[in-house]
Amino acid sequence: MIEGLHEGNKTIDESKQGEVTLLDSTKGGNKKLYLESYGCQMNFSDSEVVASILSKEGYETVSQSSEADVVLLNTCSIRDNAEQRVRTRLKQFKNAKKERPNLVVGVLGCMAERLKKKLLDQEKLVDLVAGPDAYRDLPGLISEVEGGQKAVNVLLSREETYADISPVRLDKNGVTAFISIMRGCDNMCSFCVVPFTRGRERSRDPQSIVQEAKELYDNGYREVTLLGQNVDSYRWNMSSKGRIKDESKPTVNFAELLEMVAQVAPDLRIRFSTSHPKDMTDDVLHAMAKYDNICKYIHLPVQSGNTEMLKKMNRGYSREWYMNRIEAIHRIIPGCAISTDIITGFCGETDEQHNETISLMKEVKYDFAYMFKYSERPRTLAERKYEDDVPDEVKKARLQEIIQLQQQHSAESNKRQLGKTFEVLIEGVSKKSDDDLCGRNTHNTMVVFPKGDYQKGQYVKVKVTDCTSATLLGEVVDEEKVLTTA
């Protein structure tokens, strides 16, 4: 199965790009906010923080930019075509300002940090630029613009985690939610721009994370995904070298955080994204095996099956190290689903190195993967150190070979589920038929089944009777609502 796109540890859901934030809780505000979001789960999670901050300042969200006093675009800097799409939108809003000169137009997030001078001074597309760590400053920045000034704050922080802000949830179904557990990234993967746009890594207070999970559960949510650029390196009250910062306070690593959140409620499912092979330890796997409500699914990006390529990508592990982690997953969590990221055509990649990626895929047989050809991004280490010398037609051919192989493996994975019974958390009505409901099993696979009298937010046991390349089809075999026992 190929789902959206996953670049630099960031999942890109194409169906959500440009989605407008609309919050019922902000109706009746004296100011109107139009907020579009682009990019990954982290960006959409950030939009919830932005909405919370501005709703407290009296802003009501609107579905049409023509109704707005303030237009904000929360952006991603991962891909060039995403940037071009945002630029097109900004040019449209610049034209709208000719008729509504008091309209405030701003850019938030990763693209804002990277292109602040161009957007503000050279192209004059925006009035306001705010980086990922400057959202608390938005009310003040907007006031500056309303006073006739251009406003910018793209300072990166070593402390900001927005831990004290309770996000206004954008989720329409009220069943699944994201909790950001950390911000920034200390890994300097040579192909990735994230460390330069989101700053250094810092972790949230674990108690604030647990409290957010409790509030979500009390409000009817039944699944949370813990988000971070590299969740395995989550550490509270510890430096990156393991030094305890405050001897009077407890330390918490990611495995311990997983247990803390799992203990909120036995029927609150826990997922997390994204893991890094160099940092994934056995204690995380043992925590997953210990708790039924921690989903048995791991996204473990490999990027390449060749050790020399991995070194050039600055990934911090070898092929052998990665395969050791795969073996540990199978040993400690039998039946755990595994997905990955793969880059094809990275700088200097030979046919032999590409074939090593193919051989690794055949050895692991991922349940699904996010696959794409390498595209050089400004300000990355790869741009400065290496030549993007693999011809585009070669990249495309290699990518197609990888996609075809993964489609085969995904189909085989789904066929192996035939006849099995899974516990499914109902997320809502199926996209293809109002007569069916859908939800995911512990392996993160979508399962579709007849509607019956079931409701979203319920757990049901579904026996798989058929499958497509991406979806399991089945029927409910136990009408009793159950706790997670997958």
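Since we're looking at a predicted model, the values are computed, not measured. (Residues numbered from 1 in each chain as written. Predicted model: local features only at pLDDT ≥ 70, side-chain atom pairs only at ≥ 80, totals over all residues. Heavy atoms only, no water.)

Q: Explain the overall build of the protein here, please?
A: Looking only at helices and strands, the protein features 14 helices and 24 strands. Across the 486 residues of the protein, 59% fall into the buried class. Residue pairs at least 24 apart in sequence account for 72% of intrachain contacts in the protein once pairs closer than 6 positions are excluded. Surface summary for the protein: the accessible area is close to 20200 Å², and the carbon and sulfur share equals 46%. (Helix = DSSP H or I, 4+ residues; strand = E, 2+ residues; numbered from the N terminus. Buried < 20%, exposed > 50% of the residue type's maximum accessible area, 1.4 Å probe, protein only. Contact = heavy atoms within 4.5 Å. Areas by Shrake-Rupley, 256 points an atom, 1.4 Å probe, with all protein chains shown as cover.)

Q: When you look at the nonpolar core in this model, what are you seeing that I'm missing?
A: Note that soluble globular proteins tend to have their nonpolar side chains buried in a common cluster. In terms of nonpolar packing, the biggest core is built from 57 residues, with I181, L226, F254 and I298 touching the most fellow members. In terms of nonpolar packing, the next biggest core, distinct from the first, is built from 22 residues, I53, L54, V70 and L128 among them. (Core = buried A, V, L, I, M, F, W, Y, C linked by side-chain atoms within 4.5 Å.)

Q: Which parts of the structure should I look at to understand the packing of helix α12 (residues 351-364) against helix α14 (residues 392-415)?
A: In helix packing, the relevant descriptors are the interaxial angle and the interaxial distance, both defined with respect to the helix axes. Contact geometry for α12 and α14: axes closest at 10 Å, N-to-C directions at 10°. With respect to their mutual orientation, α12 and α14 come out roughly parallel. Two secondary-structure elements touch here, α12 through D351, H354, T357, I358, M361 and K362 and α14 through R398, E401, I402, L405, Q406 and H409. Partitioned by chemical class, the residues of the contact of α12 with α14 number four nonpolar, four polar and four charged. (Axes fitted to C-alpha atoms, helices over the stretch in contact; angles between N-to-C directions. Parallel < 35°, antiparallel > 145°, perpendicular 65-115°, else oblique. Nonpolar A, V, L, I, M, F, W, Y, C, P; charged D, E, K, R; others polar.)

Q: Before we go on, may I ask you to explain the pattern of salt bridges in this structure?
A: When their charged atoms lie close together, side chains carrying opposite charge are able to pair. This structure, assessed with the given rule, holds 26 salt bridges. Of the charged contacts, one joins R204 and E212 as a salt bridge, the two residues approaching to 2.9 Å between their closest N and O atoms. On the basis of relative accessible area, R204 is assigned to the buried category, the value being 4%. Residue class for E212 comes out buried when judged on its relative accessible area of 7%. A salt bridge links K396 to D392; its shortest N-O distance comes to 3.3 Å. Linking K396 with D392, this pair stays in helix α14, spanning four residues, or about one helical turn. With a relative accessible area of 47%, K396 lands in the partly exposed category. Under the relative-accessibility criterion, D392 is labelled partly exposed at 33%. (Salt bridge = Lys/Arg side-chain N within 4 Å of Asp/Glu carboxyl O.)

Q: How should I be thinking about the packing of aromatic side chains in this particular structure?
A: Geometrically, a pair of aromatic rings is defined through the distance of the ring centres and the angle of the planes. Under the counting rule described, the total for this entry stands at seven aromatic pairs. Centre to centre, the rings of Y34 and F93 are 6.2 Å apart; their planes meet at 70°, and the pair counts as edge-to-face. Of the two residues, Y34 sits in strand β4 (residues 31-37) while F93 sits in helix α2 (residues 80-99), which places them 59 residues apart along the sequence. Taking the relative accessible area as the measure of exposure, F93 reaches 3% and is therefore buried. A ring pair is formed by F346 and Y374, whose centres lie 4.8 Å apart and whose planes are at 75°; its orientation type is edge-to-face. In this pair, F346 sits in the loop between β18 (337-344) and α12 while Y374 sits in the loop between β19 (368-373) and α13 (381-385), placing the two residues 28 residues apart along the sequence. Given a relative accessible area of 0%, F346 falls into the buried group. Between R222 and the ring centre of Y217, over which it is positioned, the NZ or CZ distance is 4.0 Å. We note K312 situated over the ring of Y386; from NZ or CZ to the ring centre the distance is 5.2 Å. (Phe/Tyr/Trp six-rings, centres within 6.5 Å; stacked < 30°, edge-to-face > 60°. Lys NZ or Arg CZ within 6 Å of the ring centre and 35° of its normal.)

Q: Honestly, unusual backbone geometry in this entry has me stumped. Any pointers?
A: A negative phi angle is the norm for most residues apart from glycine, just as the trans form is the norm for most peptide bonds. The step from S273 to T274 runs through a cis peptide bond, and the omega angle for that step is 10°. Non-glycine residue R379 carries a positive phi angle of around 75°. Within the element layout of this structure, R379 appears in the loop between β19 and α13.

Q: So what exactly am I meant to see when it comes to the side chain of T471 here?
A: Among the structural elements, T471 can be located in strand β24 (residues 471-478). Leaving out residues up to four positions away in the same chain, T471 has contacts with N414, M446 and V448.

Q: Where do I start with the packing of helix α1 (residues 41-55) against helix α5 (residues 138-146) in this structure?
A: Running from amino to carboxyl end, α1 crosses α5 at an angle of 65°, the nearest separation of the two axes being 9 Å. Classified by the interaxial angle, the pair formed by α1 and α5 is roughly perpendicular. Each of V50, I53 and L54 in α1 lies in contact with α5, whose residues at this interface are L138, P139 and I142. In terms of residue class, the contact of α1 with α5 is built from six nonpolar, no polar and no charged.

Q: What exactly am I supposed to notice about the environment of P378 here?
A: Looking at where P378 falls in the secondary structure, it is placed in the loop between β19 and α13. Expressed as a C-alpha distance, the spacing of P378 and C192, which sit 186 residues apart in the sequence, is 9.3 Å. Apart from residues lying up to four places away in sequence, P378 is in contact with R114, V193 and E383.

Q: It is not clear to me how the environment of R243 should be interpreted in this structure. Could you clarify?
A: Positionally, R243 belongs in the loop between β14 (235-236) and β15 (252-253). Accessibility expressed as a relative area gives 52% for R243, which makes it exposed.

Q: Whenever I open this one, the sheet that holds β18 confuses me. Can you help?
A: As a general point, the strands of a sheet are linked pairwise by backbone hydrogen bonds and lie either parallel or antiparallel. Across the sheet, three strands lie side by side as β17-β18-β19; this open sheet has parallel pairing. With one partner strand each, in any of the chains shown, β17 (297-299) and β19 form the two edges of the open sheet. Taking the axes of each pair of neighbouring strands and ignoring which way they run, one obtains an average angle of 10° across the sheet. Across three bridges, the pairing between β17 and β18 is parallel. Within β18, the residue paired with Y297 across the bridge is A337. (Pairing = 2+ DSSP bridges.)

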